[in-house]
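Each chain is listed here by its residues.
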Amino acid sequence: MKNNSNTKLKVFLKGMTMGIADVIPGVSGGTIALITGIYEELINSIDNLNLKALSTLKKEGFNSFWNKINGKFLLPLLLGIGTSIVLFSGLIHHLLNEYPIPVWSFFFGLITSSILLLLKQYKPNSIKSILFLLIGLIIAFSITQITPKGGEISLAYLFFCSMIAIIAMILPGISGSFIYILLGAYETVIYTSKNSILALLNFDWENFLLIYSRLAAIGFGIIVGLKAFSKILKWLFNHKKQETLMVLIGFMMGALPKIWPWQKVVQWETISETKKIALKTEYTTPWNFDGESHTIIAFTLMSLGFLFLYFLERNSSKENNATQ
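These numbers were taken from a predicted model, which means no experiment stands behind them.

Engineer: Give me the overall build of the chain: which residues, what numbers.
Structural biologist: Broken down by element type, the chain carries 14 helices and 2 strands. Across the chain, the fraction of contacts at a sequence separation of at least 24, relative to all contacts at a separation of at least 6, is 74%. Summed over all atoms, the accessible surface of the chain reaches about 16,900 Å², with 65% contributed by carbon and sulfur.

In structure tokens form, the structure reads like this:
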């Protein structure tokens, strides 16, 4: 058995990686969970957070409750995800605005690597498997073609967006951040996340109330979405595992074009004097791209993203073999 603190540290780091992925529009934390071998444990642990667990706390005490909800796994994972979102959402937002091609190149390589590794691990070796793979691909690609919307964000609408986005976040391939963009709430969520600590330190009641009421709406939306969908996913993994995995891998394949580094916006919508969103983009090649294509840097980072996922999966495989 491995040292418990070391295991918690690794789960925390995987959570941080998931958190970073969830901030990127087009990248899903569920992808990281699936490729690092913690996806099923995550779904089962979320599903165990229910009224029965609270009954266990009342009748049998905290230790039994903690074991029932798999707290030694969930706590470091959620802390890692939350830490990344709070610390890196502003940085990621800046990098995407200032250096989009290098950032997208890294994640394009990372997701491509994850698709190949998962196809190697869960081979689509029947017509039925291929059919489910294609279904997932078509659904995800169709979602990425939906036109984003803009407008004012109420707390009720932010709750709804968060409920839908968290479902996407735990599905490999479909990005929760991209769902926020489609629903017009991405900027609000990023602003809220990156200013949460600042609002607490520089206490201004009006700004504090705005930020933390939004955080509460986001948090409740996430909880409701997680509980509603985790039970469905748990049933699918228990009864239709191969078909479910094929659909999830198909999701990743269908969403991959969304993070192709060389895209040009052909239609914008102005939301305000300082904000506009891309309504329509076209894919192009580095040599036909209008502006600096950063070809050498982009392909270098694409290769690094590919290798990063390869070594992450290899390390996870060794861990899984060591615990069997």
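Okay, back to it.
Engineer: A description of the packing of aromatic side chains should follow, citing residues and the corresponding values.
Structural biologist: Overall, the coordinates contain 9 aromatic pairs when judged by the stated rule. On the numbers, 6.1 Å between centres and 45° between planes, the contact of F62 with F65 is tilted. Separated by 3 residues within a single helix, F62 and F65 lie in helix α5 (residues 62-68), roughly one turn from each other. Given the relative accessible area of 13%, F65 is considered buried. Centroid distance W260 to W262: 5.2 Å. Interplanar angle 65°. Geometry classified as edge-to-face. Of the residues examined, W262 reaches a relative accessible area of 0% and is grouped as buried. Ring pairing ties together the aromatic residues F108, W260, W262 and F299, which thus form one cluster.

Engineer: Break down helix α6 (residues 71-98) for me, with residues and values.
Structural biologist: Between its first and last C-alpha, α6 extends 39 Å over 28 residues, near the 40 Å set by a 1.5 Å rise per residue. Where α6 bends most, the angle comes to about 55°, and this point is F88. Among all positions of α6, only G71, F73, L74, P76, L77, G80, I81, S84, S89, I92, H93 and L96 are buried.

Engineer: Kindly report on the environment of A228, identifying the contributing residues and their values.
Structural biologist: In this structure, A228 sits in helix α12 (residues 205-239). Once the C-alpha coordinates of A228 and D47 are considered, the two residues, 181 residues apart in sequence, prove to be 8.9 Å apart.

Engineer: Can you break down unusual backbone geometry residue by residue, with the values?
Structural biologist: You will see that N70, though not glycine, has its phi angle at about 60°, which is positive. Given a relative accessible area of 16%, N70 falls into the buried group. With a phi close to 50°, H294 is a non-glycine residue in the positive phi region. Mapped onto the elements of the fold, H294 is located in the loop between β2 (276-283) and α14 (295-323). For H294, a relative accessible area of 32% gives the class partly exposed.

Engineer: Just give me the short version of the pattern of salt bridges, but keep the residues and values in it.
Structural biologist: Scanning the entire structure with this criterion turns up 4 salt bridges. The partner of E40 in a salt bridge is K241, with the nearest N and O atoms 2.8 Å apart. Residue E40 is located in helix α3 (residues 39-47), and its partner K241 is located in helix α13 (residues 241-255); the two are separated by 201 residues in the primary sequence. You can call K241 partly exposed: its relative accessible area is 35%. Put simply, D47 and K234 hold a salt bridge, and the shortest N to O gap is 3.2 Å. Here K234 lies in helix α12 and D47 lies in helix α3, a separation of 187 residues in the sequence. For D47, a relative accessible area of 5% corresponds to the buried category. Owing to a relative accessible area of 22%, K234 belongs among the partly exposed residues under this scheme.

Engineer: Tell me about the confidence of the model for the chain, and name the residues and values.
Structural biologist: Confidence along the chain averages 79 in pLDDT terms, with 84% of residues attaining 70 or more. When pLDDT is averaged over each helix and strand of the chain, the minimum, 63, is found for β2 and the maximum, 88, for helix α8 (residues 127-144). The low-confidence segment residues 1-5, where pLDDT is below 50, has 4 contacts with residues more than four positions distant or belonging to other chains.

Engineer: Tell me about a nonpolar patch on the surface, and name the residues and values.
Structural biologist: Taken together, the side chains of L116, F306, L307, Y310 and F311 define a hydrophobic patch exposed on the protein surface, amounting to about 460 Å² of accessible area. Per-element tally for the nonpolar patch: the top contributor is α14, with 4 residues. Following the sequence through the fold, F306 ends up in helix α14.

How each quantity is defined
Residues numbered from 1 in each chain as written. Predicted model: local features only at pLDDT ≥ 70, side-chain atom pairs only at ≥ 80, totals over all residues. Heavy atoms only, no water. Helix = DSSP H or I, 4+ residues; strand = E, 2+ residues; numbered from the N terminus. Contact = heavy atoms within 4.5 Å. Areas by Shrake-Rupley, 256 points an atom, 1.4 Å probe, with all protein chains shown as cover. Phe/Tyr/Trp six-rings, centres within 6.5 Å; stacked < 30°, edge-to-face > 60°. Buried < 20%, exposed > 50% of the residue type's maximum accessible area, 1.4 Å probe, protein only. Expected span 1.5 Å × (residues − 1). Bend = angle between axes of the 7 residues up to and from the residue. Salt bridge = Lys/Arg side-chain N within 4 Å of Asp/Glu carboxyl O. pLDDT = per-residue confidence, 0-100. Patch = residues over 30% accessible without salt bridge, like charges linked within 9 Å, V, L, I, M, F, W, Y side chains within 5 Å.

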